[in-house]
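A look at the structure
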Amino acid sequence: MPRFFLHIDDGTQRIEDEEGSELLDLTAARGEALDAARQLWASAILAGHDIEAHRFVITDHNGRVLETVNMDDVLPKRLTGQLGL
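Residues numbered from 1 in each chain as written. Predicted model: local features only at pLDDT ≥ 70, side-chain atom pairs only at ≥ 80, totals over all residues. Heavy atoms only, no water.

**Things to note about the overall build of the protein**
Cut-off, in case you're wondering: Numbering of helices and strands runs from the N terminus, with a helix taken as a DSSP run of H or I at least four residues long and a strand as a DSSP run of E at least two residues long. To get the radius of gyration, use the C-alpha atoms; to get the globule rule, take the number of residues to the power 0.38 and multiply by 2.2 Å. The buried label goes to any residue with under 20% of its type's maximum accessible area, the exposed label to any with over 50%, and the partly exposed label to all in between, with areas taken from a 1.4 Å probe on protein chains only. Contacts are assigned to residue pairs that have any heavy atoms within 4.5 Å of one another. With residues, only the protein chains shown are counted as cover, and all accessible areas are computed by Shrake-Rupley using a 1.4 Å probe. A positive count includes Lys and Arg, and a negative count includes Asp and Glu. His and the chain ends are not counted in either. Charge positions are represented by NZ for Lys, CZ for Arg, CG for Asp and CD for Glu.
Helices and strands together make up the secondary structure of the protein, namely 2 helices and 5 strands. Along the protein, from the amino end to the carboxyl end, the secondary structure elements read β-β-β-α-β-β-α. The C-alpha radius of gyration computed for the protein amounts to 13 Å, which stays within 12% of the reference 12 Å derived for 85 residues, consistent with globular compactness. Taken along its principal axes, the extent of the C-alpha atoms in the protein is 40 × 25 × 20 Å. Taken across its 85 residues, the protein has 31% of its residues classed as buried. Within the protein, counting contacts between residues at least 6 apart in sequence, those at least 24 apart form 47% of the total. Summed over its atoms, the accessible surface of the protein is roughly 5,600 Å², and 50% of this surface lies on carbon and sulfur atoms. The centroid of the 8 positive side-chain charges in the protein is displaced by 6 Å from the centroid of its 16 negative side-chain charges.

Rendered as structure tokens:
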């Protein structure tokens, strides 16, 4: 099974996923990133932080970028429209 790495990037620094996860495919990796984004938003809202500029950068074991998942991808479209995102 392939290993995917879900790094968190805010445009100025990156938190590296050192271990990665063995997942079926890129679709499963994207699902993991979306689930993690929902959890991060919940924690950020409770703490009063804005993580809109953050994103997951999904890479393979060679460090090749496969996909980027923006944190606001998990917000309801009605909310993103009100916020101008």
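**Some thoughts on the environment of Gly11**
Inspection of the secondary structure puts Gly11 in the loop between β1 (3-9) and β2 (14-15). Counting along the chain gives 43 residues from Gly11 to His54, while the straight-line C-alpha distance between them is 7.2 Å.

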